[in-house]
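Residues per chain are reported as follows:
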Amino acid sequence: MLVLSRQRDESIMIGDSIVVTIVDIRGDKVRLGINAPAEVPVHRQEVYEAIQRENVRASRLAPDETQEIGKLAGRGPVPNSGKAGESARG
Amino acid sequence: MRINTTRFGRIDIETDDLLHFASGLPGLEDCQRWALLADAGNEALGWLQSTSRSDVALAVVSPRRFVPDYQVRIPRSELTPLAMRDLRDAQLLVVVARHAGALTLNLKAPIVINVEARTGRQVVASGDLPMRYELVGQRSPLKKSA
C-alpha cells in the first residue's frame, strides 16, 4: 500500500480526475473531500462490505423461507408481471 | 435459452428477458446475467436468478408495497452506468433476506433496473436507511418464547 503524509487542505490525485483533499483533522477523525467524475461511485468501505455480506446471505434463501411474505404485502407493483411466472417454484 | 436452477429446476428464459448487471452485485461480482422470475406462490415476490450459477438467486420485492413511505435518493454516479437520468424510468427492487427468524429488506442498497435497456445495478442510496428492515409479524414461535 502506498502511504503518503498530508496536512490539512492538501490533496492527492488518483489518476487524472479524482482528487482527495484532507478537509479537517480532529483527534482520530479525518474529514476527506472527494472530487470524482459523476460516473465514479464513492462509498465508505464498511457500507460496501456490509452489502456484500447481505447479498451472499440473501442468495442462500430458499423459497420455503419466504412463504409468509404474501401476508405482509400491501397493494402495489409486482416484481415481474411478465411471462416467467409459471417457471418459478413448480 | 434454458438454464438450470437449484430452486426451480430447468427453466426456459427468453433472451429478451435477461438482465445484464455489468458490475455483478456486491459479493456476487461474477454474476452478470440474471433472469427476473415471478414467484408462483407469492405474486408480491420475484426471484433474480443468476444464469451462470444455478444455486444463486435473490428474492426481491417492490419496496413500496411493503414500506409505503420508502423514499430513496440515489447519487447520480450510481445511475450513470445505467445510462438513465430519471429514476421514474426505472424499476426498483429490494433484496429479501432472513435474519433471526424475520424476513428483512435491504432498503439501503436497492436494485435499479433500466427496463428498456434490460440492464441493472445494485446502488447505495443516500441517507440513513436500514440494510435489514424487518417485516413485522415475522417472529418465529421459537423466538417469541426465548
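Residues numbered from 1 in each chain as written. Chains lettered and ligands numbered in written order. Predicted model: local features only at pLDDT ≥ 70, side-chain atom pairs only at ≥ 80, totals over all residues. Heavy atoms only, no water.

Some remarks on the interface of chain A and chain B
Opposite the 41 residues of chain A that make contact, chain B presents 56 residues. Among the residues of chain A in contact with chain B, Glu54(A), Ile69(A) and Pro79(A) are the three that bury the most area, contributing 16% of the side total. Linking chain A with chain B are two salt bridges, by the criterion used here. A salt bridge links Glu68(A) to Arg98(B); the shortest N-O distance between them is 2.8 Å. Linking chain A with chain B are 13 residue pairs in polar contact (both at pLDDT 80 or more). Of all elements in the fold, only helix H1 (45-58) and helix H2 (69-72) of chain A reach the threshold of two or more residues within the side of chain A that touches chain B. A total of ten residues in the side of chain A that touches chain B trace back to one element, the largest contributor, which is H1(A). Residues of the side of chain A that touches chain B, tallied by class, amount to 20 nonpolar, twelve polar and nine charged. (Contact = heavy atoms within 4.5 Å. Buried area = accessible area lost by both parts, 1.4 Å probe. Salt bridge = Lys/Arg side-chain N within 4 Å of Asp/Glu carboxyl O. Polar contact = N/O pair within 3.5 Å; in protein donor to acceptor, adjacent residues only side chain to side chain. Helix = DSSP H or I, 4+ residues; strand = E, 2+ residues; numbered from the N terminus. Nonpolar A, V, L, I, M, F, W, Y, C, P; charged D, E, K, R; others polar.)

Some details on unusual backbone geometry
Positive phi values are uncommon outside glycine, yet Asp9(A) reaches one of about 75 degrees. Mapped onto the elements, Asp9(A) comes out in the segment before strand S1 (11-14). By relative accessible area, which is 61% here, Asp9(A) ends up exposed. Residues other than glycine seldom take positive phi values, yet Arg118(B) does so here, at roughly 60 degrees. Assessed through its relative accessible area of 26%, Arg118(B) is described here as partly exposed. (Buried < 20%, exposed > 50% of the residue type's maximum accessible area, 1.4 Å probe, protein only.)

Quick look at the sheet that holds strand S2 (residues 18-26) of chain A
Residue and element names in this part refer to chain A. With antiparallel pairing, three strands are arranged side by side in an open sheet as S1-S2-S3. At either margin of the open sheet sits one strand with a lone partner, and together these are S1 and strand S3 (29-35). For this sheet, the mean inter-axis angle between neighbouring strands, taken without regard to orientation, is 25 degrees. Sheet analysis places S1 next to S2, joined by four bridges and oriented antiparallel. Bridge pairing links Met13 to Val19 in S2. (Pairing = 2+ DSSP bridges. Axes fitted to C-alpha atoms, helices over the stretch in contact; angles between N-to-C directions.)

Some points on the environment of Gly33(A)
Residue and element names in this part refer to chain A. Here Gly33 lies in strand S3. Here Gly33 falls in the partly exposed class, since its relative accessible area comes to 21%. As for Gly33 and Ile22, which are separated by eleven residues in sequence, their C-alpha atoms are 6.4 Å apart. What Gly33 contacts, discounting residues up to four positions off in sequence, is Val19, Val20, Thr21 and Val23.

Regarding the nonpolar core
One recurring pattern in soluble globular proteins: nonpolar side chains tend to sit buried together. Ranked by size, the top nonpolar core spans 33 residues in total, and within it Ile69(A), Val61(B), Phe66(B), Val96(B), Leu105(B) and Val112(B) carry the most contacts. The residues touching Val61(B), leaving out its near neighbours within four places in the chain, are Ile69(A), Pro79(A), Ala44(B), Leu45(B), Phe66(B), Leu92(B), Leu93(B), Val94(B), Val96(B) and Leu105(B). Formed by 17 residues, the second largest nonpolar core is a distinct cluster that contains Leu25(B), Leu48(B), Val56(B) and Ala97(B). (Core = buried A, V, L, I, M, F, W, Y, C linked by side-chain atoms within 4.5 Å.)

Comments concerning the pairing of strand S7 (residues 90-99) of chain B
Within a regular strand, the side chains alternate between the two sheet faces. Residue and element names in this part refer to chain B. Among the ten residues that make up S7, eight are buried, leaving the element largely enclosed by the rest of the structure. Sheet topology places strand S6 (residues 57-61) next to S7; two bridges connect them, and they run antiparallel. In the strand pairing of S7, Val61 is matched with Val94. The hairpin formed by S7 and strand S8 (residues 102-105) contains two residues between the paired strands, and Ala100 there has a positive phi angle of roughly 50 degrees.

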